[in-house]
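The lines below spell out each chain.
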Amino acid sequence: MKDKFGRDITYLRVSITDLCNLRCRYCMPEEGVPKKKHADLITQEELIKAIQIAVSLGIKKIRITGGEPLSKPNIIPICEQIAAIPHIDHICITTNGTFLPKYALALKSAGVTRVNISMDTLVPEKYRYITRVGQLDDVLQGIDSALSVGFEKIKINAVLIGGFNDDEIPDLCRMTEKYPVDMRFIELMPMSGNFDFDDKSYVSGDIVLEKMPELVPVDLDGGVARLYKLPSGQGRIGIINPISSHFCGTCNRLRLMSDGKIKPCLHTSQEFSVKGLDDEGMRQQFLNAIEAKPARHPDLSKDSPSQSIRNMNEIGG
Ligand code: SAM
Ligand code: SF4
């Protein structure tokens, strides 16, 4: 289904919970978030119905995210039910990876084809600092588990933070030499809650090219990343610049959150609820959300943060 700017809307990101076992400083408050009442959340049945309707309107790719999707006890039945919906090309999951040793095989068997694992640093003390509570070993074991079950694609995502992990760009890039994974660097986005960061924390993705002149450009694959490779790399290196260069012109996404609200754009406050609606009501809300997609979101900076009324743990990235 095309929006009014001619963009084909084919990608739905589904945040199935806003809860998480970690507390990344750019994403979640230190104390976590209050657990929402059951009555304020979309049911599993509504979630699957909403995805079916989105697929009937042209969605072909589903990404399950959160909060931490693998902290949701019914994650595997959810994946199985999504996989049973015809006409979906890819079912992907974005996870902090810490529960992958337990779930990698079950996810693959349930029909998940691609996994993105978030890991901002290879230094245990820094991992503990940025996640406030996490252990680097858990995510490294998660990466091993994902590799061992053979997903179609594994990507590692690092949020670039000046003065924190810019010195690790070469080591993170070398993950693509050691393993058949893509490494992607994402610019830090100023969301309403990430007050821990100062101006020098927001660095352009171009810093990756400055630190790694040996990177060779490779063809784009229709996603939002600019893609490169190390000469001896197995996987690719992606730079995602939501701040320094918008990719709104080719935005093909909608986002559905665990309370049943659809977000037409990551950085605007407008939302459309499907909770409690019948099929036709849900369909209409998806159409409303597609119609409401803006041509682009306003420029973001520390002084002009995202106008989303939510933090990333609710939206899912
Ligand atoms: N818990 C899962 C994880 O960490 O991968 C999925 C949810 S998390 C919100 C999805 C992605 O959003 C992660 O890669 C995370 O690093 C990224 N993210 C969260 N807050 C961000 C911010 N302020 N700027 C840029 N990326 C952010
Ligand atoms: Fe949790 Fe992911 Fe947010 Fe980190 S980025 S706090 S792992 S939801």
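Data block above holds the structure.
Residues numbered from 1 in each chain as written. Chains lettered and ligands numbered in written order. Predicted model: local features only at pLDDT ≥ 70, side-chain atom pairs only at ≥ 80, totals over all residues. Heavy atoms only, no water.

Caption draft 1: Expanded view of the overall build of the protein chain. Scanning the protein chain from N- to C-terminus turns up 10 helices and 12 strands. Relative to the 2.2 N^0.38 estimate, which gives 20 Å for 317 residues, the radius of gyration of the protein chain is 19 Å and therefore close to what a compact globule would have. Referenced to the eigenvectors of the C-alpha coordinate spread, the extents of the protein chain come out at roughly 50 × 40 × 40 Å. Looking at the protein chain as a whole, 55% of its 317 residues qualify as buried. The long-range fraction of contacts in the protein chain, counting pairs at least 24 apart against all pairs at least 6 apart in sequence, stands at 72%. Put simply, the protein chain shows about 13600 Å² of open surface, and 52% of that area lies on carbon and sulfur atoms. Averaging the coordinates of the 40 positive side-chain charges in the protein chain and doing the same for the 41 negative ones gives two points 3 Å apart. (Helix = DSSP H or I, 4+ residues; strand = E, 2+ residues; numbered from the N terminus. Rg over C-alpha atoms; globule rule 2.2 N^0.38 Å. Buried < 20%, exposed > 50% of the residue type's maximum accessible area, 1.4 Å probe, protein only. Contact = heavy atoms within 4.5 Å. Areas by Shrake-Rupley, 256 points an atom, 1.4 Å probe, with all protein chains shown as cover. Lys, Arg positive; Asp, Glu negative; His and termini not counted. Charge placed at Lys NZ, Arg CZ, Asp CG, Glu CD.)

Caption draft 2: Structural detail: the site of ligand 1. As a structural note, the neighbourhood of ligand 1 is formed by 20 residues, with G67, E68, S118, M189 and M312 the closest of them. At 3.2 Å, a backbone N or O of T95 approaches an oxygen atom of ligand 1. A distance of 2.5 Å separates an oxygen atom of ligand 1 from a polar side-chain atom of S118. Notes on ligand 1: free accessible area 540 Å², of which the protein chains cover 95%. Counting only elements with at least two residues in the shell around ligand 1, the list comes to strand 3 (90–95) and strand 5 (153–160). Its residues assigned to classes, the shell around ligand 1 comprises 7 nonpolar, 11 polar and 2 charged. (Near = heavy atom within 4 Å. Polar contact = N/O pair within 3.5 Å; in protein donor to acceptor, adjacent residues only side chain to side chain. Nonpolar A, V, L, I, M, F, W, Y, C, P; charged D, E, K, R; others polar.)

Caption draft 3: Examining the side chain of R255 more closely. Mapped onto the fold, R255 is located in strand 10 (residues 253–256). There is no salt bridge for the buried R255, and the closest opposite charge comes from E271, which lies 10 Å off by N-O distance. In this structure R255 touches L12, R13, K261, I262, K263, L266, I315 and G317, once residues within four positions along its chain are discounted. (Salt bridge = Lys/Arg side-chain N within 4 Å of Asp/Glu carboxyl O.)

Caption draft 4: Geometry of the nonpolar core. Core analysis: the biggest nonpolar cluster contains 90 residues, and L12, I51, I75, L107, F185, V208 and F286 have the highest contact counts within it. No other element matches helix 1 (residues 44–56), which puts 7 residues into this core. Aside from chain neighbours lying at most four places away, what touches V208 is L160, I169, C173, F185, L215, I237 and I239. (Core = buried A, V, L, I, M, F, W, Y, C linked by side-chain atoms within 4.5 Å.)

Caption draft 5: Expanded view of unusual backbone geometry. Its identity is not glycine, yet H87 carries a phi of approximately 75 degrees, on the positive side. Structurally, H87 is set in the loop between helix 2 (75–83) and strand 3. In this structure, R132 is a non-glycine residue whose phi angle is positive, near 65 degrees. Looking at the secondary structure, you find R132 in the loop between helix 4 (124–131) and helix 5 (136–149). Overall, R132 belongs to the buried group, its relative accessible area being 17%.

Caption draft 6: Seen up close, the pattern of salt bridges. One pass over the structure, following the stated rule, counts 16 salt bridges. With a closest N to O distance of 3.4 Å, K126 and D167 form a salt bridge. In this pair, K126 is assigned in helix 4 and D167 in the loop between strand 5 and helix 6 (169–173), connecting sequence segments 41 residues apart. Taking the relative accessible area as the measure of exposure, D167 reaches 52% and is therefore exposed. One salt bridge in this structure joins E271 and R310, with 2.7 Å as the shortest N-O distance. With a gap of 39 residues between them, E271 in the loop between strand 11 (261–263) and strand 12 (272–273) and R310 in the loop between helix 9 (279–291) and helix 10 (312–315) connect regions that are remote in the sequence. Neither residue differs from the other here; E271 and R310 are each classed as buried.

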